[in-house]
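Below are the chains, spelled out letter by letter.
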Amino acid sequence: MKIEAEFTAKDNKLYTTDGEPVPVDVMMRAEAAMICGKELEDGARKKIISELAASNYRPLCVYLPWFLVEASPEVYNEAVLASLHDFLKEIEPAGLHAVIVPQPDDDSSPVPLIHYGKLVPDAAALFTAAMKHTARRIKDCRSVMGFAIPKELLLEGLGGISPAAVYMKELSEKHEQYVFFAKKSDIETVGYMDKISETSIVLY
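Overview of the structure. (Residues numbered from 1 in each chain as written. Predicted model: local features only at pLDDT ≥ 70, side-chain atom pairs only at ≥ 80, totals over all residues. Heavy atoms only, no water.)

Comments concerning the side chain of histidine 175
And step 1. Here histidine 175 lies in the loop between α7 (163–172) and β11 (179–182).
And step 2. Polar side-chain contacts of histidine 175 include one of 2.9 Å to the backbone oxygen of glutamate 173.
And step 3. When near neighbours in sequence (up to four residues on either side) are disregarded, histidine 175 contacts Ala135, Arg136 and Lys139. (Helix = DSSP H or I, 4+ residues; strand = E, 2+ residues; numbered from the N terminus. Polar contact = N/O pair within 3.5 Å; in protein donor to acceptor, adjacent residues only side chain to side chain. Contact = heavy atoms within 4.5 Å.)

The structure is reproduced here in structure tokens:
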């Protein structure tokens, strides 16, 4: 099913499709490990959602460790993804919207993404495939605004066939409504602030 876009990027800022600015300087945070945890008691997730909805409807960053999706190469944790899907559907009636923020942790990821300070191409492809799989599993969730781009994928630039550009292209396939986000501090760290205005990436 195709989901109509509710948000758009302009001048690296976020807007509704009606042209209203959406502040992203202070976003709420939720950990996928918690909201997808089996240890949550009945009603606990509803309580979490209620508390989030009481926070002035700011966008929500859902921090998703790579290893939660893919503990070993090309073996996806469908139970976690199903739980994430359920959470993202449950926040829709509350008017909440989420940005999926993947977390490639060197200590627990299925393969190292960085080796001697450089991005490993095969690992980047594996990571992008895992996030594309995640996008497929949450494709009917209207609450999802888009995905954040990890700093590691930004190391080789933003355009052409850079890992960041490939990541955005792959995740946009069948999800044209997605907006992509990057931390301003990450863009500054990798030295591409002078190039960011040429993209549709939202800085937060």
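Structural notes on the pairing of β11
A regular strand places its side chains so that they alternate between the two faces of the sheet.
And step 1. On β11, burial covers both faces: Val179 and Phe181 on one face and Phe180 and Ala182 on the other are all buried.
And step 2. Bridge count for strand β10 (residues 144–148) against β11 is 3 bridges, and the pairing is parallel. Its bridge partner being in β11, phenylalanine 147 is matched across the sheet by phenylalanine 180.
And step 3. The pairing of β11 with strand β12 (residues 202–203) spans 2 bridges and is classified as parallel. The residue of β12 that forms the bridge with phenylalanine 181 is valine 202. (Buried < 20%, exposed > 50% of the residue type's maximum accessible area, 1.4 Å probe, protein only. Pairing = 2+ DSSP bridges.)

Let's talk about the nonpolar core
And step 1. With 53 residues, the main nonpolar core has Leu88, Met131, Phe147 and Tyr167 as its most contacted residues.
And step 2. If you tally residues by element for this core, the top one is helix α5 (residues 121–137), at 7 residues.
And step 3. Not counting chain neighbours up to four residues away, the residues in contact with leucine 88 comprise Ala98, Ile100, Ile138, Cys141, Ser143 and Val144.
And step 4. Within the second largest apolar cluster, 15 residues are counted, among which are Phe7, Val22, Tyr63 and Met145. (Core = buried A, V, L, I, M, F, W, Y, C linked by side-chain atoms within 4.5 Å.)

By themselves these figures say nothing about function.
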